[in-house]
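# Residue-level structure breakdown
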Amino acid sequence: MAGVTLDTVRKIYAGNVEAVKGVSLGIEDGSFCVLVGPSGCGKSTLLRMIAGLETISGGEVKIGDRVVNQMEPADRDIAMVFQNYALYPHMSVYDNMAYGLKNRKTPKDEIDRRVKEAARILAIESFLARKPRQLSGGQRQRVAMGRAIVRKPQVFLFDEPLSNLDAKLRVQMRVEIKRLQRALGVTSIYVTHDQVEAMTLSDKLVVMSGGQIEQVGSPAEVYRRP
Ligand code: ADP
Ligand code: ADP
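Conventions and cut-offs
- Residues numbered from 1 in each chain as written.
- Chains lettered and ligands numbered in written order.
- Predicted model: local features only at pLDDT ≥ 70, side-chain atom pairs only at ≥ 80, totals over all residues.
- Heavy atoms only, no water.
- Near = heavy atom within 4 Å.
- Polar contact = N/O pair within 3.5 Å; in protein donor to acceptor, adjacent residues only side chain to side chain.
- Areas by Shrake-Rupley, 256 points an atom, 1.4 Å probe, with all protein chains shown as cover.
- Nonpolar A, V, L, I, M, F, W, Y, C, P; charged D, E, K, R; others polar.
- Phe/Tyr/Trp six-rings, centres within 6.5 Å; stacked < 30°, edge-to-face > 60°.
- Helix = DSSP H or I, 4+ residues; strand = E, 2+ residues; numbered from the N terminus.
- Buried < 20%, exposed > 50% of the residue type's maximum accessible area, 1.4 Å probe, protein only.
- 1 Å grid on protein atoms, 1.4 Å probe; cavity = no way out; pocket = protein on both sides within 12 Å on 5 of 7 lines; lining within 4 Å.
- Points joined across faces, edges and corners; volume = space filled by probe spheres on them.
- Pairing = 2+ DSSP bridges.
- Axes fitted to C-alpha atoms, helices over the stretch in contact; angles between N-to-C directions.
- Contact = heavy atoms within 4.5 Å.

## Thoughts on the site of ligand 2
The immediate surroundings of ligand 2 are formed by Tyr94, Asp95, Lys102, Lys108, Asp112, Lys116, Leu128 and Ala129. Between ligand 2 and Lys116, the relevant distance is 3.3 Å, taken from an oxygen atom to a side-chain nitrogen or oxygen of the residue. Protein contacts shield 45% of the accessible area of ligand 2, which totals 550 Å² for the unbound molecule. The residue makeup of the shell around ligand 2, split by class, is three nonpolar, no polar and five charged.

The structure is reproduced here in structure tokens:
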């Protein structure tokens, strides 16, 4: 397992848009960190830089004690869960979950063991042969999480994973994500604009505004009223 350290991380997009303005932050090994803030404040950009999906304009990103600035996403030991699930529509649930491991030349019996274990944890064992379109939104989101779990990454990255779900399911999945993170103990960074989600999920809450950190602390510290 590994913590994540950001040191004055910056992102300047073409056209001189400074989306992230020197963010420094330490995320402890095994903890759950939520980045919260209004649309456009730079939280998704920051997450994507940690994932390696966006280049870094300045500063340093460390996963454990490795500086990952120049590393490909596949070499960073992270797994990301997206809002739109990003499942392959023509593949079965099983193959969707196995895909990343197959690409890494993981032995077939090991893939099989990991997929079935993740399916059991997420209660999707009976859907393994289905295609994504044969699943409900909540089931799809579980498959997306299963695909992250089977990789056994050092870090989970979540980009508004529940925002396509209805309110009831959102609450249910929130509880499941928290339970799963506790059980697996994987360092997690979660982006949302939903304050209730942020408050209930986080060990460390990071409030962003205009590309910078506005406040950081436990949910109780951040939401304490004067
Ligand atoms: P959030 O996730 O908090 O909604 P984003 O990280 O998506 O914020 O965006 C931060 C800022 O960077 C916004 O002003 C947005 O318009 C800008 N931005 C995001 N992606 C790009 C891009 N690919 N090119 C130029 N500007 C971008
Ligand atoms: P191949 O790559 O030879 O076509 P598959 O990927 O279809 O083989 O399956 C390989 C292994 O994955 C099988 O032995 C089986 O254990 C497991 N598997 C594949 N699909 C499912 C499924 N729907 N439910 C449970 N296990 C499956």
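## Regarding the packing of aromatic side chains
In total, this model carries five aromatic pairs according to the counting rule given. Ring geometry for Phe32 against Tyr190: centres 5.8 Å apart, planes inclined by 45 degrees, an arrangement best described as tilted. You can see Phe32 sitting in strand β3 (residues 32-36) and its partner Tyr190 sitting in strand β8 (residues 187-192), a full 158 residues away along the chain. What makes Tyr190 buried here is its relative accessible area of 0%. Taken together, a centroid distance of 5.3 Å and an interplanar angle of 40 degrees make the contact between Phe158 and Tyr190 tilted. Of this pair, Phe158 sits in strand β7 (residues 155-159) while Tyr190 sits in strand β8, placing them 32 residues apart in sequence.

## Structural notes on empty space enclosed by the protein
Here the structure, examined in full by the defined rule, presents one cavity of 30 Å³ or more. Here the largest cavity is characterised by a volume of approximately 70 Å³. In this structure, the largest cavity is lined by Val81, Met145, Ala148, Ile149, Phe156, Phe158, Ile177, Leu180, Gln181 and Leu184. Within the residue set of the lining of the largest cavity, elements represented by two or more residues are α4 (137-149), β7 and α5 (167-184). Broken down by element, the residue count for the lining of the largest cavity peaks at four residues, all from α5.

## A closer look at the sheet that holds strand β9 (residues 204-209)
As summarised here, the arrangement of the six strands in space is β6-β7-β8-β3-β9-β10, forming an open sheet in which the pairing is mixed. Looking at strand neighbours, the two that pair on one side only are β6 (78-82) and β10 (212-217), the edges of this open sheet. Ignoring strand direction, the axes of neighbouring strands in this sheet form an average angle of 20 degrees. Relative to β8, β3 runs parallel, the two sharing five bridges. Residue pairing for β8: Phe32 is matched across the bridge by Ser188. Its contacts with the sheet put α5 on β3, β7 and β8, and the angle it makes with β3 is roughly 140 degrees.

## Points about unusual backbone geometry
Positive phi is not limited to glycine here, since Lys105 has a value of about 60 degrees. For Lys105, the location among the structural elements is in the loop between α2 (93-103) and α3 (108-122). Since its relative accessible area comes to 70%, Lys105 is described here as exposed. Notably, Ala123 is not glycine yet its phi reads approximately 55 degrees, a positive angle. Mapping Ala123 onto the fold places it in the loop between α3 and α4.

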